[in-house]
Amino acid sequence: MSKSDALFDLIKSLQQAEKRYFRITAQRHIPDGPNHYLELFDRMEKMESYEEARLQAQLSNPVFAKNLSSGKHYLYNLLLKSLRNYHSGKTAKIKLQELIIEIQILIDRELFDQAMKRIRKAEHLAQKFHYPVDLLSIMQFKRRIIRRLAGKKLLSEMEKCQQQSQQLLQQLQTDEEVLTTYEEAFVHYRIRDARRLREHLSVSVKQVQQKLEAPDSLSFDAACNSRFLLALHARVIDKNHQQGSTYLQEIVQLYASYPALRDEHQERYLNLLNNCFNSAFLNNDFAAFPDFIEKLRTLQPKTSHIRIKIDQSRYYYLLLFHLKTQQFNEATQLAPDIERFLKKHGPALSLDRQITFHYNIAVAYFSAALSSAPSSTSHFEAQLQQSLHKINRILNEPRFDTREDIKILSRLLAAIIHIELDQGFIAESILRSCYRQLHKRKQLQSTEFVVLQHLRRWLNAVDRSGQRAVAQSLTTELESVQGLEEVKLWLESAPGR
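Analysis parameters
Residues numbered from 1 in each chain as written. Predicted model: local features only at pLDDT ≥ 70, side-chain atom pairs only at ≥ 80, totals over all residues. Heavy atoms only, no water. Buried < 20%, exposed > 50% of the residue type's maximum accessible area, 1.4 Å probe, protein only. Phe/Tyr/Trp six-rings, centres within 6.5 Å; stacked < 30°, edge-to-face > 60°. Helix = DSSP H or I, 4+ residues; strand = E, 2+ residues; numbered from the N terminus. Lys NZ or Arg CZ within 6 Å of the ring centre and 35° of its normal. Core = buried A, V, L, I, M, F, W, Y, C linked by side-chain atoms within 4.5 Å. Contact = heavy atoms within 4.5 Å. Patch = residues over 30% accessible without salt bridge, like charges linked within 9 Å, V, L, I, M, F, W, Y side chains within 5 Å. Areas by Shrake-Rupley, 256 points an atom, 1.4 Å probe, with all protein chains shown as cover. Salt bridge = Lys/Arg side-chain N within 4 Å of Asp/Glu carboxyl O. Axes fitted to C-alpha atoms, helices over the stretch in contact; angles between N-to-C directions. Parallel < 35°, antiparallel > 145°, perpendicular 65-115°, else oblique. Left-handed = near helix turned anticlockwise from the far one by under 90°. Nonpolar A, V, L, I, M, F, W, Y, C, P; charged D, E, K, R; others polar.

Enquirer: Please clarify how unusual backbone geometry should be interpreted in this entry.
Expert: The phi angle of most residues is negative, glycine excepted, and most peptide bonds adopt the trans form. The backbone phi angle of Lys442 is positive, close to 55°, even though this residue is not glycine. If you check the backbone angles, Leu484 has positive phi at about 55° while not being a glycine. Residue classification places Leu484 among the buried residues on the basis of a relative accessible area of 11%.

Dropping the structure here:
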């Protein structure tokens with residue numbers, strides 16, 4: 001990646017508070033006269049995509065524009081320095097890094113008493129927040145000072161430091177073994193290498209279980225990673241999703257035992273809750289759902305970035321919960337809040353999450369329409385149109401091309417909606433586009449292709465009896481298929497209309 005792209009991406013990643021802080025500090029940096037670096041920042045911040053020629057033409061100073069590469073390099077470093085200052089002291093890890101720098105400065109000036117005060121403070125932080133690597137670095141500083149002040153009284157202190165360092169090295173060795181085992185399994189899982197994943201899990205899980213039999217030898221991270229590995233083994237090898245959920249719940253309980261770590265590792269804790277949500281949905285186990293939502297609600301974010309992630313998870317899983325439990329009206333009532341959230345924070349979300357939000361909202365309106373029919377024809381059609389509006393947003397957005405699987409589902413749902421609106425010619429056109437997409441992806445043996453074929457048969461049926469036969473045939477095909485709940489719901493209700 002070029003420096004140009006790196007700077008642009010860094011600017012686009014900034015939250016509003018970080019931008020405001022940078023503008024204030026940049027203005028102080030050059031209090032008088034034009035601030036070309038601030039102008040460069042503002043110009044790039046307003047760009048949708050990076051175009052260097054257009055940027056150079058927009059800059060007011062021709063000399064600065066000509067040496068744009070140098071200006072960008074300086075601005076990039078200035079931004080990183082601003083971010084360091086803005087986030088100073090916000091987490092225990094950052095505080096530790098700052099203390100280590102201060103300890104080094106004080107030792108270089110031979111201010112050993114002052115350095116030891118900082119070392120004691122750093123030791124306390126590293127122990128409280130389980131940072132063994134940092135603690136080992138702090139021990140090295142401590143031993144360095146003791147060597148400089150060598151005396152009989154300090155001999156026992158040196159031996160104590162040596163013993164602590166050896167214990168830390170043993171713990172780090174165990175941590176590294178567990179982490180390596182977990183990472184190998186995780187990578188095989190992510191790249192969907194089922195054979196290697198099974199082979200790895202079959203061997204490694206026994207080693208992890210042995211380590212869990214001596215829990216005092218495991219650090220917090222190792223205890224968590226061990227349970228993540230066991231959860232993966234339960235799902236992949238034993239096909240026991242309930243047991244997998246139990247292991248995830250144990251990690252949640254570990255965090256409950258260390259509230260300081262839960263606060264320190266907010267993003268990791270949030271990802272854990274997301275895994276718990278996903279596991280519960282796989283098991284159709286919604287009993288713990290209110291407790292998960294309460295944990296999200298009570299998590300106090302340290303940054304606006306975490307605030308956005310919490311709101312994203314809360315909206316996503318609430319919507320999914322309403323869909324899974326067929327509370328479709330509640331799902332549509334949530335939709336306007338989600339729309340406002342996406343409008344405000346959409347760029348901070350992954351494209352995958354954005355497109356999933358749009359599709360699930362479309363499903364919510366579609367399902368609510370089916371559950372309201374035939375009591376109100378106008379309401380039925382209005383909700384179908386709202387669903388269609390979200391689907392068209394997915395199909396017409398080039399940025400969403402990375403999720404062709406959801407685009408295929410969107411086309412199938414759009415075809416069904418047009419069938420319901422008695423617009424068979426539009427439905428047929430959409431199905432032709434869907435066929436081309438499936439053919440291109442070599443998915444003519446997929447479940448989606450089976451749905452497509454049945455929808456075509458539905459359109460070609462000469463009467464209601466023929467349509468009911470198609471519905472019954474597709475219902476049978478989808479009996480053992482996970483997902484496509486919106487299509488199954490339509491099959492249940494369509495013959496009655």
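Enquirer: Would you explain the packing of aromatic side chains in this entry?
Expert: Geometry of an aromatic ring pair is reported as the spacing of the ring centres plus the angle between the planes. The full count for this structure, using the stated rule, is 23 aromatic pairs. Each ring, one from Tyr37 and one from Tyr74, has its centre 4.6 Å from the other, and the planes form 40°; the classification is tilted. Of the two residues, Tyr37 sits in helix α3 (residues 36-46) while Tyr74 sits in helix α6 (residues 68-86), which places them 37 residues apart along the sequence. Between Phe281 and Phe289, the ring centres sit 6.1 Å apart and the planes meet at 50°, which makes this aromatic pair tilted. Accessibility assignment for this pair places Phe281 and Phe289 in one class, buried. Pairwise contacts between aromatic rings join Phe277, Phe281, Phe286, Phe289, Phe292, Tyr316, Tyr317, Phe321 and Phe357 into one cluster. Positioned over the ring face of Tyr315 is Arg314, at 4.7 Å from the centre of the ring. Above the plane of the ring of Tyr316 lies Arg353, whose end atom (NZ or CZ) is 3.8 Å from the centre.

Enquirer: Would you explain the nonpolar core in this entry?
Expert: Counting residues in hydrophobic clusters, the biggest one holds 132 residues, and the most contacted among them are Leu272, Leu319, Leu455 and Trp490. With 12 residues, the single largest contributor to this core is helix α19 (residues 351-372). Apart from the residues lying within four places of it in its own chain, the contact partners of Leu272 are Phe228, Leu248, Ile251, Val252 and Tyr255. Core analysis: the next-biggest nonpolar cluster, separate from the first, contains 22 residues, Leu7, Leu10, Leu59 and Phe64 among them.

Enquirer: I keep staring at a nonpolar patch on the surface and nothing clicks. Help me out?
Expert: A surface patch of nonpolar side chains, about 270 Å² in accessible area, is lined by Phe186, Val187 and Ile191. Relative to the helices and strands, Ile191 is located in the loop between α10 (152-190) and α11 (194-212). Looking at Ile191, the relative accessible area reads 55%, which means it is exposed.

Enquirer: Even after reading the chapter, I still don't get the packing of helix α17 (residues 304-324) against α19, so can you show me in this structure?
Expert: For the pair α17 and α19, the least separation of the axes is 10 Å and the interaxial angle reads 30°. On the basis of the axis angle, α17 is roughly parallel to α19. Seen from above, α17 lies across α19 with left-handed handedness. Counted together, Gln312, Tyr315, Tyr316, Leu319, Leu320 and Leu323 of α17 and Arg353, Thr356, Phe357, Asn360, Ile361, Val363 and Ala364 of α19 form the full contact between these two elements. Across the contact of α17 with α19, the residue classes tally to nine nonpolar, three polar and one charged.

Enquirer: Sorry, what's going on with the side chain of Ser313 here?
Expert: In this fold, Ser313 is placed in helix α17. Residue Ser313 is classed as buried on the basis of its relative accessible area, which comes to 2%. If we skip the residues at most four places from it in the chain, Ser313 touches Leu270, Asn274 and Leu296.

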